[in-house]
Amino acid sequence: MAPKLQASVLLLLPFFLYLSPVAGHNITRLLSQFPDFSTFNSLLSKTAVAAEINRRQTITVLALDNSAASALARLPDDTLQEVLAVHVILDYYDNVKIHSLRRRSTLFTTLFQTTGVAENQMGFLNFTRLSDGRLAFGSATPGAPLVSTYVKVVATRPYNISVLQISSAIVPQGINGLPLAPFGAPIVVPPEPLVPAPAPVDDTVSDGPAEAPEADAPDADAPASDSPADSPGPAPVSHAPTMADVSDVEDSSAGRVAGGISLGLVMAGVVLLGF
Ligand SMILES: *[C@@H]1O[C@H](CO)[C@@H](O)[C@H](O)[C@H]1NC(C)=O
Ligand SMILES: *[C@@H]1O[C@H](CO)[C@@H](O)[C@H](O)[C@H]1NC(C)=O
Ligand SMILES: *[C@@H]1O[C@H](CO)[C@@H](O)[C@H](O)[C@H]1NC(C)=O
């Protein structure tokens, strides 16, 4: 009887939390349902970051599972607070929204930026879609590597709070005087798709396979909108494509001439038939 009662209370709990008009969200309580995130949760509470998250109405928390969060546990409290604030984006991004960002690379403003002590772009995160489909994060500090990737959505309360798991901590170099040595290893970023064949493959075509893993996002990424942004990237093309482009143009104008001639013949035929 008691377990049954407990189960139904647990089932109702999310609805209760959601409907509760007074409390808003409580990140501590939200994460307490996920034992994999207990270390991260206790780090948030240990600093003022949990309270700050609760105070905000539109927020995304980039959460670390226990093994990834353990890397932060050795930081002094003041540094820890700043680093955790870097993991809080001042906007709402759930699984759909983060997959449908149209730009390949975007800067997110974090809670750390609001503290007034962030310098050298440390208050921003660089979000970049890699050519293999992964969604990568790094500090926006110039020259900082991408160090973390999107794993999954943990919990959301649309459109107020979203908790997304990322693979490892993002520690801007030099934050709170932390030594410049890289904190986490940069992730291996695959090269932009260098289409091996010298053929002048259309941008929309070469984008196809790279974008395919994200095709679940039912929208926005119209290849047409992406290709202008992409063209600066793979720009360093040799002149092979240029030559090919030229011959393409020649081909197609030849085609147009041929088309014109045959159209003329058809017209003539129609005229003849008319008689
Ligand atoms: C959710 O956000 C909306 C507007 O962004 C706000 O009016 C509402 O109070 C927020 N709800 C909670 C529980 O914070
Ligand atoms: C948030 O939840 C935790 C754990 O349930 C609780 O200890 C804390 O008092 C709550 N905070 C607020 C502001 O309601
Ligand atoms: C994000 O980082 C990548 C890789 O370091 C870089 O190419 C890109 O320009 C950065 N994006 C922004 C918006 O700064």
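All values derive from a computational prediction rather than experimental measurement.

*Asks:* What should I look at first to understand the overall build of the protein in this one?
*Replies:* Within the protein, the regular secondary structure consists of 10 helices and 7 strands. Taking all 275 residues of the protein together, the buried fraction comes to 36%. Surface summary for the protein: the accessible area is close to 15,300 Å², and the carbon and sulfur share equals 65%.

*Asks:* I keep staring at the site of ligand 1 and nothing clicks. Help me out?
*Replies:* Around ligand 1, the surrounding shell consists of Gly24, Gln57, Thr58 and Asn160. Asn160 has a polar side-chain atom sitting 2.3 Å from an oxygen atom of ligand 1. Here ligand 1 loses 47% of its free accessible area of 360 Å² to cover by the protein chains. Grouping the amino acids of the shell around ligand 1 by side-chain chemistry returns no nonpolar, 4 polar and no charged.

*Asks:* Which parts of the structure should I look at to understand the sheet that holds strand E3 (residues 105-109)?
*Replies:* By way of backbone hydrogen bonds, the strands of a sheet pair with one another, either parallel or antiparallel. Taken in spatial order, the 7 strands make up an open sheet running E2-E1-E7-E6-E5-E4-E3, and their pairing is mixed. The open sheet has two edge strands, strand E2 (88-89) and E3, and neither has a second partner.

*Asks:* Would you take a moment to explain the site of ligand 3 for this structure?
*Replies:* With respect to spatial proximity, the complete set of residues near ligand 3 consists of Ser105, Leu107, Asn126 and Thr128. In the environment of ligand 3, a nitrogen atom lies 2.7 Å from a nitrogen or oxygen atom belonging to the side chain of Ser105. Of all elements in the fold, only E3 and strand E4 (124-129) reach the threshold of two or more residues within the shell around ligand 3. Taken together, the residues of the shell around ligand 3 sort by class into 1 nonpolar, 3 polar and no charged.

*Asks:* Can you walk me through the pairing of strand E6 (residues 146-157) in this structure?
*Replies:* Within a regular beta strand, the side chains point alternately toward one face of the sheet and then the other, so they alternate between its two faces. Pairing of strand E5 (residues 135-139) with E6, which is carried by 3 bridges, proceeds in the antiparallel orientation. Directly across from Phe137, in E6, lies its bridge partner Ser148. Between E5 and E6, which pair antiparallel one after the other, the connecting turn spans 6 residues, and Gly143 there sits at a positive phi close to 85 degrees. Of the strand pairs in this sheet, E6 and strand E7 (residues 161-166) are connected by 6 bridges, and their pairing is antiparallel. Each bridged residue has a counterpart across the sheet, and for Thr156 the counterpart in E7 is Ser162. The antiparallel hairpin formed by E6 and E7 contains 3 residues in its connecting segment.

*Asks:* How should helix H6 (residues 77-86) be read in this particular structure?
*Replies:* Three or four residues apart is the spacing at which side chains of an α-helix point the same way, because the helix has 3.6 residues per turn. Of all 10 residues in H6, 7 are buried; the element is thus mostly enclosed. Within H6 the residues assigned to the buried category are Thr79, Leu80, Glu82, Val83, Leu84, Ala85 and Val86. Summarising the contacts, the buried residues of H6 are in contact with helix H3 (38-46), helix H4 (49-55), E2 and E4.

*Asks:* When you look at the environment of Arg104 in this model, what are you seeing that I'm missing?
*Replies:* Here Arg104 is to be found in the loop between helix H7 (95-99) and E3. Each C-alpha atom, one on Arg104 and one on Leu135, is 9.5 Å from the other, the two residues being 31 residues apart in sequence.

*Asks:* Just checking my understanding: could you explain the environment of Asn95 for this structure?
*Replies:* Checked against the element boundaries, Asn95 lands in helix H7. Along the primary structure Asn95 and Val153 are separated by 58 residues, whereas in three dimensions their C-alpha atoms are 6.1 Å apart. If we ignore the near neighbours within four places in the chain, the residues touching Asn95 are Tyr150, Val153 and Leu164.

*Asks:* Even after reading the chapter, I still don't get H3, so can you show me in this structure?
*Replies:* Of the residues making up H3, those classed as buried are Phe40, Asn41, Leu43 and Leu44. Buried residues in H3, looked at end-on, bunch into an arc of 160 degrees, giving them a common side. Buried residues along H3 sit in contact with helix H2 (27-32), H4, strand E1 (59-63), helix H5 (66-69) and H6.

About the cut-offs
- Along each chain, residues carry numbers from 1 onward, in the same order as the chain's sequence is written.
- Key to labels: chains lettered from A, ligands numbered from 1, both in the order written.
- Only residues with pLDDT of at least 70 are given local features in this predicted model, and only at 80 or more are side-chain atom pairs given and counted; all residues enter the totals for whole chains, interfaces and linings.
- Side-chain descriptors were evaluated using all non-hydrogen atoms of the structure, hydrogens and water having been removed beforehand.
- Strands here are runs of E lasting at least two residues and helices are runs of H or I lasting at least four, both read from the DSSP assignment and numbered beginning at the N terminus.
- Think of it in three bands: residues with accessible area under 20% of the maximum for their type are buried, residues over 50% are exposed, and the middle band is partly exposed, with areas taken using a 1.4 Å probe on protein chains only.
- To measure how exposed things are, a 1.4 Å probe is used in the Shrake-Rupley method; for residues, cover is taken only from the protein chains shown.
- We call a residue near a molecule or strand whenever a single non-hydrogen atom of that residue lies within 4 Å of it.
- Distance and chemistry together define a polar contact, namely a pair of N or O atoms within 3.5 Å, with one atom able to donate a hydrogen and the other to accept it when in protein, and with adjacent residues in sequence counting only for side-chain atoms on both sides.
- Asp, Glu, Lys and Arg are counted as charged, while Ala, Val, Leu, Ile, Met, Phe, Trp, Tyr, Cys and Pro are counted as nonpolar; the rest, among them Gly, fall into the polar class.
- Whether two strands pair depends on DSSP finding at least two bridges between them.
- Working rule for contacts: check all heavy atoms of both residues, and any pair within 4.5 Å makes them a contact.
- Directions are taken from the helix axis to each C-beta atom, and the arc is the one they span.

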